Amino acid sequence: MRIHHLNCGTLCPNGARLVNGEGGLLETGRIVCHCLLIEGEQGLVLVDTGFGVQDTRKPRQLGAAFALMRPRAEIGETALKQIEALGFGAGDVRQIVTTHLDPDHSGGLPDFPLAEVHVFARELDAAMNPGWRDRPRYRRVHWQHNPHWIRHEVEGDEWFGFEGVRILPDLGTEVLMVPLIGHTLGHTGIAIKTGDGWTLHCGDAYFHHDEVATPPSCPPGLRFFQNLNNADRNQRLANQDRLRELVARHGEDVRLICSHDPHELDLAQAAAADTAAA
Ligand SMILES: [Zn+2]
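Residue indices follow the written sequence of each chain, beginning from 1 at its first position. Residues qualify for local features only when their pLDDT is at least 70, as the model is predicted, and side-chain atom pairs are given and counted only at 80 or more; totals for whole chains, interfaces and linings, by contrast, use all residues. Excluding hydrogens and water, the side-chain values take into account all heavy atoms of the structure.

## As for a nonpolar patch on the surface
Piece 1. To count toward a patch, a residue needs a relative accessible area above 30% and no salt bridge. Like charges then connect within 9 Å, nonpolar side chains (Val, Leu, Ile, Met, Phe, Trp, Tyr) within 5 Å. The Shrake-Rupley method, run with a 1.4 Å probe sphere, supplies the accessible areas, and residue values consider only the shown protein chains as cover. Salt bridge criterion: a side-chain nitrogen from Lys or Arg within 4 Å of a carboxyl oxygen from Asp or Glu. On the surface, Leu18, Leu25 and Leu26 cluster together into a nonpolar patch covering about 340 Å² of accessible area.
Piece 2. By definition, any uninterrupted DSSP run of H or I lasting at least four residues is a helix, any uninterrupted run of E lasting at least two residues is a strand, and each is numbered from the N terminus. Positionally, Leu26 belongs in the loop between α1 (16-20) and β2 (31-40).

## A short note on the pairing of strand β6 (residues 148-152)
Piece 1. Note: strand β5 (residues 116-120) against β6, 5 bridges, orientation parallel. Bridge assignment links His118 to a residue of β6, and that residue is Ile150.
Piece 2. Crossover handedness is defined here as right-handed if the route from the first strand over the helix to the second strand goes clockwise, with the strands pointing away from the viewer. Running through helix α6 (residues 121-128), the crossover from β5 to the neighbouring parallel element β6 is right-handed. Pairing between strands is defined by DSSP: at least two bridges between the two strands are required.

## Here we look at empty space enclosed by the protein
Piece 1. Here a cavity denotes grid points, spaced 1 Å and computed from the protein atoms alone, that fit a 1.4 Å probe unable to get out, and a pocket denotes an open set having protein on both sides within 12 Å along at least 5 of 7 lines; residues with an atom within 4 Å of a point are the lining. Grid points are joined across faces, edges and corners, and a volume is the space filled by probe spheres set on the points. A complete count under the given rule lists 1 cavity of 30 Å³ or more for this structure.
Piece 2. Volume-wise, the largest cavity comes out at about 40 Å³.
Piece 3. Forming the boundary of the largest cavity are Cys8, Gly9, Thr10, Phe51, Thr56, Ala73, Glu74, Glu77 and Thr78.
Piece 4. Ranked by residue count, the leading element in the lining of the largest cavity is strand β1 (residues 2-11), at 3 residues.
Piece 5. Following the grouping adopted for this structure description, the nonpolar residues are Ala, Val, Leu, Ile, Met, Phe, Trp, Tyr, Cys and Pro, the charged ones are Asp, Glu, Lys and Arg, and the polar ones are all others, Gly among them. In terms of residue class, the lining of the largest cavity is built from 3 nonpolar, 4 polar and 2 charged.

## Describing the coordination of the zinc ion
Piece 1. Distances from the zinc ion to its protein donors, Asp104 (OD), His105 (NE2), Asp204 (OD) and His260 (NE2), fall at 2.1 to 2.2 Å.
Piece 2. Each of the 4 donor atoms around the zinc ion contributes to a set of angles spanning 87 to 162°, which defines the coordination as irregular.
Piece 3. Counted as donors are N, O and S atoms no farther than 2.8 Å from the metal, or 3.2 Å for Na, K and Ca; water is not among the atoms, and sites may therefore look incomplete. Here the donor residues of the zinc ion are spaced in sequence according to D-H-x98-D-x55-H. With His105 in helix α5 (residues 103-106) and His260 in the loop between β12 (254-257) and α9 (262-277), this residue pair connects regions lying 155 residues apart in the sequence. A site with four donors is called tetrahedral when every donor-metal-donor angle falls between 85 and 135 degrees; four donors are called square planar, and six octahedral, when opposite donors sit more than 155 degrees apart and all other angles fall between 65 and 115; any other arrangement is irregular.

## Some details on the packing of aromatic side chains
Piece 1. Any Phe, Tyr or Trp ring, taking Trp's six-membered ring, that has another such ring centre within 6.5 Å forms a pair; planes under 30 degrees apart are called stacked, those over 60 apart edge-to-face, and the others tilted. All chains considered together, the criterion is met by 7 aromatic pairs.
Piece 2. Between the aromatic rings of Trp143 and Trp149, the centroid separation amounts to 6.1 Å while the plane-to-plane angle is 65°, which identifies the pairing as edge-to-face. Summarising the burial analysis for this pair, Trp143 and Trp149 share the class buried.
Piece 3. Here Trp159 and Phe162 contribute two aromatic rings whose centre-to-centre distance is 6.2 Å and whose plane-to-plane angle is 55°, an arrangement assigned as tilted. Considered together, Trp159 and Phe162 belong to a single accessibility category, that of buried residues.
Piece 4. Connected via pairs of aromatic rings, a cluster forms that spans Trp159, Phe160, Phe162 and Trp198.
Piece 5. Across from the ring centre of Phe162, 4.1 Å away, lies the NZ or CZ of Arg242, which sits over that ring. Classification of residues uses two cut-offs on accessible area relative to the type maximum, computed with a 1.4 Å probe and protein chains only: under 20% is buried, over 50% is exposed, and between them is partly exposed. In our convention, an over-ring charge means Lys NZ or Arg CZ found within 6 Å of a ring centre and within 35 degrees of that ring's normal.

Shown next as C-alpha cells:
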C-alpha cells in the first residue's frame, strides 16, 4: 500500500500573516486542499477530492464564500489530472472517502462517476436536506451525477478512545471513519493504519497545526473563518480538545493532518519523497 499526499486545490486569500501565521499582511496567503490517494490491492482510494475539473472552469459554482478565498482554479491541481499524471485513469478510483461534503472536499466527485462514495450518514443527510443556514455551503452541482453513496453510521468500533466505524475491509489495511462533528453536522476524520502507526486525516476539524499543539494557537484570520463556518462551535472546540489530548498521549503512534495547512502538506510530501528515494 502506498499513500500519496496530493494538493487538490489552492486558495490564495489576502493577508498571509492572518491565515498562515507568517509572512506580511499584504502578502497572499496559501491554503491547500490536502487529499490522500491510496494505492491499495484492489485499485485506488481517494480521501477527499478537492476541487473538480468543472470547478476550475467555473469557479463561481463554488458559491460566494469561496470568492473571498480566491481559488487558484488550476486544472492541473485536480485529483483527476494528478491521478492521470501518475499513469492511472478515473476508472481506477474505486472508492472515495469524504471527511464532509463542502465543495473543497467533494468538488471532484463528478470526475469519478463510477466510484463508491463513502460518507458519514449524518453528513449525507445534512447535505441532501440542508437547513437554511447550511444551504449556501453545499453545492448540488457536485452530486447531480447521482453518486453511488455508501452511508456509514458508528457501530461501536473504538479507536484511541474515539468512537468510529471500520470501512473498506478489502483494502489490506485498517481504515476507520472517526466522527469529529462541529465544522459540519456530519464531519468525520479518516484514520488509516500505515506501516509504522496511524495517520488521522482530520479534514476541517482544525486548520492550523498549532491548534493541536499544547498550548494551542491559531492565526486570527483562520480562527475567524472557522467560527464563521462551523455548524456547531461547541462540538468543534470540544473535538479540538480531544485531538490535542490524542497528540499529547499518542503522538508517537498517530500523525495528524488536516485539509488546509500547507506546512503539514509540505512535510508529508517531503517524507513521502524520502521514503520513495530510500
Ligand atoms: Zn475545507
